[in-house]
Amino acid sequence: MNKANIGQKLLLGEFIKGLWRENPTFRIVLGLCPTLAVSTSITNGIGMGIAATFVLLGSNIFVSLIRNIVPEKVRIPCYIVVIATFVTIVDLFMKAFTPLLSRSLGMFVPLIVVNCIVLGRAEVFSSKEPPLKSILDALGMGLGFTWALILISTIREFLGNGTILGFYVSKTFEPALFMILAPGALLTIGILIGLLNYFTIKRK
Amino acid sequence: MNQLVRFGIVLGFICLAATFVLAVTYEITKPRIDAELKKEEEDALKTIMPDADSFKEKSIEGIKYFDVFKKDDLIGYCIRATGNGYNGYIRMIVGIDTDGIIKGIKILEQYETPGLGARIVEIKRGDKEPHFLKQFVGKSAKTVEVKKDIDAITGATISSKAVTDTVNKTVNEFLTKIK
């Protein structure tokens with residue numbers, strides 16, 4: 001009974017760590033390229049987050065399943081093939097069922113292939129751990145990436161475009177265009193990481 | 001050597017499985033993707049030419065266009081045009097009447113900078129059509145020019161000029177070919 005409890009706690013830990021302690025955007029600082037590019041609107045942020053989570057889930061499961069048959073020396077090409085397959089599936093399905101979102105994310109869906117979060121998890125986690133743990137890890141990391149994207153894109157969409165989820169919030173607020181361009185993204189991410197570090201370090 | 005063969009087999013097997021999965025996904029999604037593109041184009045044609053009854057797809061020396069009919073009379077053309085914007089291509093449909101006067105423009109695909117160039121498709125509160133594209137209606141496609149006929153979007157001269165030049169160039173090419 002006790003052992004099972006500890007086991008469950010460990011599994012839960014694999015899920016929770018991606019949300020906060022090892023958050024891919026704010027803590028490990030991986031996958032910044034798509035984060036900078038697509039966090040211009042909340043819809044884009046959510047879309048990218050879900051797409052990346054699906055790819056992470058698929059690649060983590062398969063990399064974990066084939067972890068014992070893949071030889072050490074050719075593991076990277078093997079992982080890339082698995083990841084690219086899932087990315088293409090996501091891309092095709094998005095084109096078919098959410099054409100508008102697929103268009104506004106544009107090139108960044110195919111580019112999930114080189115998103116370092118996905119390859120990073122394959123390399124440091126799922127290539128060494130069993131499928132169940134890998135699934136939880138993927139979900140945690142994916143959700144962590146998604147909430148980070150939503151937070152950043154909410155700030156940028158409001159300050160840069162004056163809207164939240166496409167609706168105008170205030171009639172008198174004059175948006176600052178540069179927040180929606182690349183410098184705005186760098187500033188937002190930098191300040192957020194700074195604030196997070198400031199508060200977590202102080203608490204200790 | 002032995003090891004090399006094993007590497008090849010493992011990698012080859014993974015690639016084979018991936019190819020199979022992708023082939024299946026492609027076959028499943030293709031009809032749906034084609035239908036979406038077609039629907040988008042049909043919607044565009046109807047907004048550009050609201051009085052038209054039917055469209056007939058044609059092509060002349062590489063330019064794809066639609067003959068636009070009202071009952072049985074030819075009232076104009078809708079031409080597919082692609083031009084180079086600031087970040088990538090801009091794909092659109094240009095509707096003209098038989099005299100070359102612009103009836104409407106619809107942008108189907110563009111990758112301009114959000115907040116700047118992408119305002120070529122921005123729709124103001126309470127409007128139905130993008131304010132930039134509305135300027136084109138009623139102008140002669142043969143001579144249309146930025147500054148003279150069209151006010152460029154502030155900070156997005158390249159995108160504004162790209163749309164205008166594409167309309168101008170494609171329509172002129174089309175009109176010389178069709179005569």
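Up top is the structure these notes are about.
Quick caveat, the model's predicted, so the values are computed rather than measured.

Engineer: Mind laying out the packing of helix α3 (residues 42–65) of chain A against helix α7 (residues 131–161) of chain A, listing which residues take part and the relevant values?
Structural biologist: Each pair of packed helices can be summarised by the angle the axes make with each other and by the distance between the axes. All names here are of chain A. Close contact between α3 and α7 brings their axes to 8 Å; oriented N to C, the two are set at 165°. As the angle between them shows, α3 and α7 are arranged roughly antiparallel. Here α3 and α7 pass one another in a crossing that is right-handed. Of the residues assigned to the contact of α3 with α7, the class counts are 19 nonpolar, 11 polar and 2 charged.

Engineer: Outline α7(A), supporting the account with residue identities and numerical values.
Structural biologist: Its 31 residues place the ends of α7(A) 42 Å apart at the C-alpha level, agreeing with the 45 Å of an ideal helix rising 1.5 Å per residue. Looking at the residues trailing α7(A), positive phi occurs at Gly162(A), about 75°.

Engineer: If you had to explain the packing of α3(A) against helix α6 (residues 116–126) of chain A to someone new, which residues and values would you point to?
Structural biologist: Residue and element names in this part refer to chain A. Between α3 and α6, the shortest axis-to-axis distance is 10 Å and the interhelical angle comes to 30°. Judged on the interaxial angle alone, α6 and α3 are roughly parallel. α6 is crossed by α3, and the crossing has right-handed handedness. On α6, the residues that touch Ala52, Val55, Leu56, Ser59, Asn60, Val63 and Ser64 of α3 are Ile117, Val118, Arg121, Ala122 and Ser126. Partitioned by chemical class, the residues of the contact of α3 with α6 number 7 nonpolar, 4 polar and 1 charged.

Engineer: An account of the nonpolar core is needed here, citing residue identities and associated values.
Structural biologist: Among the nonpolar cores identified, the biggest contains 37 residues, and Ala51(A), Ala52(A), Val55(A), Val82(A) and Val90(A) are the most heavily contacted of them. Every element with two or more residues in this core is listed here: α3, α4 (75–97), α6, α7 and α8 (182–203) of chain A. For this core, the element with the highest residue contribution is α4(A), accounting for 10 residues. Excluding anything up to four places from it in sequence, Ala52(A) contacts Ile112(A), Asn115(A), Ile117(A), Gly142(A) and Phe145(A). If you look at the next biggest cluster of nonpolar residues, it comprises 33 residues, including Ala52(B), Ile79(B), Ile90(B) and Phe136(B).

Engineer: Can you explain the pairing of strand β4 (residues 89–97) of chain B? Please cite residues and give values.
Structural biologist: Residue and element names in this part refer to chain B. Two elements, strand β3 (residues 73–84) and β4, share 9 bridges in a ladder whose sense is antiparallel. Across the sheet, residue Gly76 finds its bridge partner in β4, namely Asp97. Hairpin connection of β3 to β4: 4 residues between the antiparallel strands. Summarising the sheet, β4 and strand β5 (residues 102–109) pair through 6 bridges and their orientation is antiparallel. Along β5, the bridge assignment pairs Gly95 with Gly104. Hairpin geometry of β4 and β5 is characterised by an intervening segment of 4 residues between the two adjacent antiparallel strands and by a positive phi of about 85° at Gly100.

Engineer: Run through the environment of Ala52(B), naming residues and quoting values.
Structural biologist: All names here are of chain B. Position of Ala52 relative to the elements: it lies in the loop between α1 (2–48) and β1 (54–60). Classification of Ala52 as buried rests on a count of 20 C-beta atoms within 10 Å. Through-space distance from the C-alpha of Ala52 to that of Val68 is 6.3 Å; in sequence the pair is 16 residues apart. Apart from residues lying up to four places away in sequence, Ala52 is in contact with Val68, Phe69, Lys70 and Ile75.

Engineer: Just give me the short version of the pairing of β1(B), but keep the residues and values in it.
Structural biologist: All names here are of chain B. Along β1, only 0 of the 7 residues are buried, which leaves the element largely exposed. Pairing of β1 with strand β2 (residues 63–70) involves 7 bridges; the strand directions are antiparallel. Bridge assignment links Phe55 to a residue of β2, and that residue is Val68. In this structure, the hairpin formed by β1 and β2 is closed by a connection of 2 residues, where Glu61 is found at a positive phi of approximately 40°.

Cut-offs applied
Residues numbered from 1 in each chain as written. Chains lettered and ligands numbered in written order. Predicted model: local features only at pLDDT ≥ 70, side-chain atom pairs only at ≥ 80, totals over all residues. Axes fitted to C-alpha atoms, helices over the stretch in contact; angles between N-to-C directions. Helix = DSSP H or I, 4+ residues; strand = E, 2+ residues; numbered from the N terminus. Parallel < 35°, antiparallel > 145°, perpendicular 65-115°, else oblique. Left-handed = near helix turned anticlockwise from the far one by under 90°. Nonpolar A, V, L, I, M, F, W, Y, C, P; charged D, E, K, R; others polar. Expected span 1.5 Å × (residues − 1). Contact = placed C-beta atoms within 7 Å. Core = buried A, V, L, I, M, F, W, Y, C linked by C-beta atoms within 7 Å. Buried ≥ 20, exposed ≤ 12 C-beta atoms within 10 Å, placed from the backbone. Pairing = 2+ DSSP bridges.

These figures capture arrangement, not role.
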